[in-house]
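Secondary and tertiary structure notes
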2 protein chains.
Amino acid sequence: MKHLLPLRYIDVIARSGSIRKAADSLAITSTALNRRILAMEEELGVPIFERLPRGVRLSAAGEILIHHVRNQLSDMERVRSQISDLTGERRGHVSIACSQALLPFFLPNQIAQYRRAHPAVTFEVLVRDRAAAEQALVDMSADLALVFEPLRLMDFQILQRVRQPVYALMRPSHPLAQVETLRLRDCLRYPVALPTSQYGVRHLLELAVQRSSLTLQPVVESDSFEFLRSHALEEDILAFQIPIGLPIDTEGSDMVSRPLDIRDVPPGVLYFGQLRGRILPVAVSRFASQVLETLTHRFESD
Amino acid sequence: MKHLLPLRYIDVIARSGSIRKAADSLAITSTALNRRILAMEEELGVPIFERLPRGVRLSAAGEILIHHVRNQLSDMERVRSQISDLTGERRGHVSIACSQALLPFFLPNQIAQYRRAHPAVTFEVLVRDRAAAEQALVDMSADLALVFEPLRLMDFQILQRVRQPVYALMRPSHPLAQVETLRLRDCLRYPVALPTSQYGVRHLLELAVQRSSLTLQPVVESDSFEFLRSHALEEDILAFQIPIGLPIDTEGSDMVSRPLDIRDVPPGVLYFGQLRGRILPVAVSRFASQVLETLTHRFESD
DNA sequence: CATCCGTGCTGCAAAATTTGCATCACTAAT
DNA sequence: ATTAGTGATGCAAATTTTGCAGCACGGATG
């Protein structure tokens, strides 16, 4: 849609922080782009960007405007998609910001299921920590977010909340593999692998040890759950994960997972949400319904 | 804002039902306008308008689009207004669709009060019956609606609901002027003036007489409350009105108002609302808050 | 049935706008 | 001091938009 080209320009400049860089990625000259911005600022009567020696930054007015701009762009996508629906097609694009735990099983499974019904819908999955996920919603680089134990919740409209107890992950040969429900103090008698402190699982374990007299002394620490899991596959060590990050059927799996006793470690909460007040494109909305259904069916809501 | 000129074009064409007429009121040639529409339809891949021998009409796709278009236009106004706020001004425009009862006292009072604080804000008051008020919200010719006993409530987001018992209005010399609370059967012993059947007050009275064995036999009927009131001033006749249409202090008034017993006539409900899901411009939002405050303070909510 | 009026659409030339190049002025990092 | 990167600007070319005149069509009119 041509008429919102100026809006795309503003969006790209705001993201790249430089008119020249934006011009490159928009495949036009910086002159043209620069002048269009100047013209818009003229119309608006107020500068949209502050000029810095190394580029530009949104002004106060620009901050207000950018919200509107991104909304417009997104909303036009929704309109196009709805119009496509009229003519029989069903296209669309869904962008999801999520925690690492969703990567191995849950999201591939959900997306594959959705795409079986709607092959023309495309997906984008962005791994974001708890703070960045919300930011992705705000700047509309993501439509939906699935995050574990998020921090701030200003612009985050919760669609569903499910309880996620912490599970320990180990080789079948591990001494604890036979125990049905694990106590924290038993776990900590063995070497453990932990995610770094930015992650929700680590946070919950930290809280748990503070209540007891135990201490966390990880032999391996990483910001990659995939690495932690793989490492626990190599030596008799405990890794931790939440149910949504575990395979649905543990038959034939090379790892054993056992829940930690909730008296020791409180269950975390996985939040599924969108930007507050935003009207989602049809494809996104339908996919969200499916995820919501699955979450509700498979986990305890909180 | 130049970039949403095409959107204004679409809006005006949709309203006027003809490209040439729209072109006139937009002060451009029909050629230019026509070509822009053709270009947009090309971009969109779908016709926006159906071509009829006497003009154009929105197609199915156009119906979807026009919603988006009007939202965009309105939202940009909100952005401009918010940016103006940053630079110190406080401008804006508020358009209200309302029932006749609001005209003599309530709205003038509210608007005057608001304009004392914000003299640069302008107002527009459209008298609309119950169906047309909602339509005005939908096509965004009105920002807010204040209607008595509305019919459909699909796109109407209720901000407040207040109870409005029916009052009888008469000269101080009328025999019933001394009675504190009037019974319906007493009223109907005297000549009455009634609004036509499209109005809520009439509707409530009709309901009331159906429950009893009484009948309504108005000596005067009109679609103007002002006329009914004036006529009751001329002869000893009963008119009817709801509290919001009555002066606040009855001191020195040339008319007496007495409530009908709610056992006979159920109180009507006055609805204050906006278009569902719409983000209101700042000026509108602030005015709405003031009205809401007043309604809550002055009447029983329902 | 013939006429007429109002409609949207189109070819072509003029007008207006946008674009790109070369260049300037400026600032922070080197 | 130098350099590299930034946004702004004058001017001419390229592109887009506009307006005029006229066409084809279909319902209203008598």
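This one's a predicted model, so the numbers in the text were calculated from it and none came from an experiment.

**Some details on the packing of helix 1 (residues 5-16) of chain A against helix 4 (residues 60-86) of chain A**
Residues and elements named next belong to chain A. For the pair helix 1 and helix 4, the least separation of the axes is 9 Å and the interaxial angle reads 120°. As far as their axial angle goes, helix 4 and helix 1 are oblique. Crossing handedness for the pair helix 1 and helix 4: left-handed. Across the interface between the two elements, Leu7, Arg8, Ile10, Asp11, Ala14 and Arg15 of helix 1 pack against Leu65, Ile66, Val69, Arg70, Gln72 and Leu73 of helix 4. Classifying every residue of the contact of helix 1 with helix 4 by side-chain character gives seven nonpolar, one polar and four charged.

**What about the packing of helix 5 (residues 106-117) of chain B against helix 10 (residues 282-298) of chain B?**
The description of two helices packed together rests on the angle between their axes and the distance between the axes. Residues and elements named next belong to chain B. Interhelical geometry of helix 5 versus helix 10 gives an angle of 125° and a closest axis separation of 11 Å. What the angle tells us is that helix 5 and helix 10 run oblique. The interaxial crossing formed by helix 5 with helix 10 has right-handed handedness. Taking contact as the criterion, the partners of Phe106, Gln110, Ile111, Gln113 and Tyr114 in helix 5 are, on helix 10, Ala283, Arg286, Phe287, Gln290, Val291, Thr294, Leu295 and Arg298.

**Here's the deal with the protein's contact with DNA strand D**
Of all residues adjacent to DNA strand D, which total 20 residues, the nearest are Ile19, Arg20 and Asn34 of chain A together with Thr29 and Arg35 of chain B. A share of 56% of the atoms of DNA strand D within 4 Å of the protein falls on sugar and phosphate groups. A distance of 2.3 Å separates a base nitrogen of DNA strand D from a polar atom in the side chain of arginine 20 of chain A. Within the side chain of threonine 31 of chain B, an N or O atom sits 3.4 Å from a base nitrogen of DNA strand D. Mapped by element, the contributors of at least two residues to the surface near DNA strand D are helix 2 (19-26), helix 3 (30-44) and strand 2 (55-58) of chain A together with helix 3 (30-44) of chain B. Residue composition of the surface near DNA strand D, by class: six nonpolar, six polar and eight charged.

Rules and cut-offs
Residues numbered from 1 in each chain as written. Chains lettered and ligands numbered in written order. Predicted model: local features only at pLDDT ≥ 70, side-chain atom pairs only at ≥ 80, totals over all residues. Heavy atoms only, no water. Axes fitted to C-alpha atoms, helices over the stretch in contact; angles between N-to-C directions. Helix = DSSP H or I, 4+ residues; strand = E, 2+ residues; numbered from the N terminus. Parallel < 35°, antiparallel > 145°, perpendicular 65-115°, else oblique. Left-handed = near helix turned anticlockwise from the far one by under 90°. Contact = heavy atoms within 4.5 Å. Nonpolar A, V, L, I, M, F, W, Y, C, P; charged D, E, K, R; others polar. Near = heavy atom within 4 Å. Polar contact = N/O pair within 3.5 Å; in protein donor to acceptor, adjacent residues only side chain to side chain.

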